[in-house]
Protein chains: 2
Amino acid sequence: MPKNDNNISMSVIKRLPRYYRFLGNLKKNGIDRISSKELSARMGLTASQIRQDLNCFGGFGQQGYGYNVSQLYKEIGTILGVNNAHPTIIIGMGNLGKAIATHMQFASGGFDIIGLFDCQKVGVKVNGKAILNSANLAEFCEENKPQVAIICVPEESAAGIVSTLVKCGVTNFWNFSHYDIVANYPEAVCENVHLSDSLMTLNYQITHKDD
Amino acid sequence: MPKNDNNISMSVIKRLPRYYRFLGNLKKNGIDRISSKELSARMGLTASQIRQDLNCFGGFGQQGYGYNVSQLYKEIGTILGVNNAHPTIIIGMGNLGKAIATHMQFASGGFDIIGLFDCQKVGVKVNGKAILNSANLAEFCEENKPQVAIICVPEESAAGIVSTLVKCGVTNFWNFSHYDIVANYPEAVCENVHLSDSLMTLNYQITHKDD
DNA sequence: TAGATTGTTAATCGATTAACAATC
DNA sequence: TAGATTGTTAATCGATTAACAATC
C-alpha cells in the first residue's frame, strides 16, 4: 500500500537509486528475499535507516520474513519513475555532451532522447542521431514538446539556452553547467552535476588526508 | 591564522568549491570586499552558515568590514589544494573517459594528467596524449608514481583495475563506476560520481512534482 | 507456536540558524 | 566615536539510530 507523503527528504530520495541498484543485483543473482539487516550489511548502512527509508513510501516488507527482492525492486523503480519515457533533449555536443549522449542508458532510466543540439557541428551524427542547430531550438520545442533538457553547454551560453527553454515550457533540467537554473527560475526542477566541484572535493580530501 | 581542525564535516567541505567559484567571479568583477550578508544573498545561503563554514578554517574576516575577496579566494584555494599538481592517470578512454580527459581543467584544479589508459585504442591520441595499454598499468605506476586515478571503466573492469592500482600504491580515486572502492579498500580516498544515480534522482523529482 | 523481522515511536546525534558580545 | 560585521556560543531543526510492540 504505497503512501504518498509529498515531503520526503532529499536525503532519502538520493539513496533510492542505490537501493534500486543493489536490489537489481540481488535479483540478478537469484536472491528473492532479503531482510533489512542483511541488506544493511551489504550496503554499509544501518538496518534502521533502510526500514525508515522504505517506510516513507509504504510497508513493502513482512514481519518475520523481510522484503521480497523482485517486488521491492519493482516498487522502487516505479517510485523513481523508470517506467516513464520523458522526451528529452541534450544541448551542447562538445566532449561532455557527446559522452552523455552515448554513455548513458537513458531508456532504462525513464528518459527518451528526442534531439541533440549544438550551435556548430550541425548534421554530424552522434549515436545515430544527427545534431540539430541550436538556433532552431524554440521551433523544435513547439513541435516536439520535450519535457527535459540536459545542459552541456558552458555557463556563458547556458543563461540564453535556459531562458529559451523555459519560455517554451521546458522546466526540467539535468544541468552540467555552473549556471544556477533554480536561482533564476524557481519553478524549475533541476539536478546539478558539478564535475569540477566534485574534483575539488577530492583534492581537499587528498590534501588533508593526514591532518 | 588558519586552523586545522581535522574533523571538518563533509557538509562544509562540499560547499567550499562553490564559495571558491563565487569568490573567483567577484574578483573577476573587480569587487574586493564582501560581507557574509551580501555573499549569502548572492549564493542563496544564510550569512550565519557562511561565517560558520569559514571559521572552520580560520578567522578570515574583519569585524565591521567583512572579507577581503582576493585574500579569501586565495585562502580557500589553498585549503582546497588547487596549488597542487597531483600526478594523475585516467583509466578507460570510452566516451566518458575521453570527455573527462578533454573537458576538465585539471591544472587549475590541482591535478596533472600524466597518463591515459585503455585496453583498446592504444596509441590513439586524446588531447595530444597517446593512449597507453592498460596491460602496462602496473609497470607505468612503478615508474611514474601517479597519486590519483580516475576510473572511467565499467563496473566489471573496475575491481581488477583498482586492485592493481592499490597494489602499486595509488589510493586516491575519482570514481565514475559503480564499483564500491571504499568498501573494498577502506584506506582509499574516493570521490564518487554516479551519473545514473543523479539522473534517477531527477526522474524522481519530475515524476513527483505535483504530489 | 516460537523466532524473526517489520513498522513506528522515542532518543540521539549532527547540521543549520539565531543571537549577541567583541571589535574593527 | 558610532555603525557595521565578525567570531562564537546557544537554540533549533532535521536526519540517523535505537528500541520495541505488533505480527507474520
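Remember, predicted model here, so these are calculated numbers, not experimental data. (Residues numbered from 1 in each chain as written. Chains lettered and ligands numbered in written order. Predicted model: local features only at pLDDT ≥ 70, side-chain atom pairs only at ≥ 80, totals over all residues.)

## Let's talk about the domain arrangement of chain A
Parsing chain A into structural domains produces domain 1 (10-79) and domain 2 (86-198). In this structure, domain 1 of chain A and domain 2 of chain A have C-alpha centres spaced 32 Å apart. (Domains from an automatic or database assignment.)

## A look at the pairing of strand S9 (residues 148-151) of chain A
Along any regular strand the residues' side chains alternate between the sheet's two faces. Residues Val148(A) and Ile150(A) line one face of S9(A) and the alternating positions Ala149(A) and Ile151(A) line the opposite face, and both faces are buried. As a crossover connection, the stretch from S9(A) through helix H8 (residues 155-167) of chain A into strand S10 (residues 172-175) of chain A is right-handed. (Buried ≥ 20, exposed ≤ 12 C-beta atoms within 10 Å, placed from the backbone. Helix = DSSP H or I, 4+ residues; strand = E, 2+ residues; numbered from the N terminus. Right-handed = clockwise from strand over helix to strand, strands pointing away.)

## Thoughts on the sheet that holds S10(A)
The 6 strands are arranged S8-S5-S4-S9-S10-S11 (chain A) in an open sheet whose pairing can be described as parallel. Each edge of the sheet is formed by a strand with only one pairing partner; in this case those strands are strand S8 (132-133) and strand S11 (189-192) of chain A. Bridging between S9(A) and S10(A) involves 4 bridges; their strand directions are parallel. Along S10(A), the bridge assignment pairs Val148(A) with Asn172(A). Relative to S11(A), helix H10 (residues 195-207) of chain B is tilted by about 170°, and along the sheet it contacts strand S4 (86-91), S9, S10 and S11 of chain A. (Pairing = 2+ DSSP bridges. Contact = placed C-beta atoms within 7 Å. Axes fitted to C-alpha atoms, helices over the stretch in contact; angles between N-to-C directions.)

## Section: the protein's contact with DNA strand C
Neighbouring DNA strand C are 27 residues; Gly59(A), Gly61(A), Gly64(A), Ser9(B) and Gly64(B) lie closest to it. Mapped onto the surface near DNA strand C, the elements with two or more residues apiece are helix H2 (36-43), helix H3 (47-55), strand S2 (61-62) and strand S3 (66-68) of chain A together with helix H3 (47-55) of chain B. For the surface near DNA strand C, the class distribution of residues is 5 nonpolar, 20 polar and 2 charged. (Near = placed C-beta within 6 Å. Nonpolar A, V, L, I, M, F, W, Y, C, P; charged D, E, K, R; others polar.)

## Focus: the protein's contact with DNA strand D
Of all residues adjacent to DNA strand D, which total 27 residues, the nearest are Ser9(A), Gly64(A), Gly59(B), Gly61(B) and Gly64(B). Elements with a minimum of two residues in the surface near DNA strand D: H3 of chain A together with helix H2 (36-43), H3, strand S2 (61-62) and strand S3 (66-68) of chain B. By residue number, the principal contributor to the surface near DNA strand D is H3(B), which donates 6 residues. The residue inventory of the surface near DNA strand D, partitioned by class, reads 5 nonpolar, 20 polar and 2 charged.

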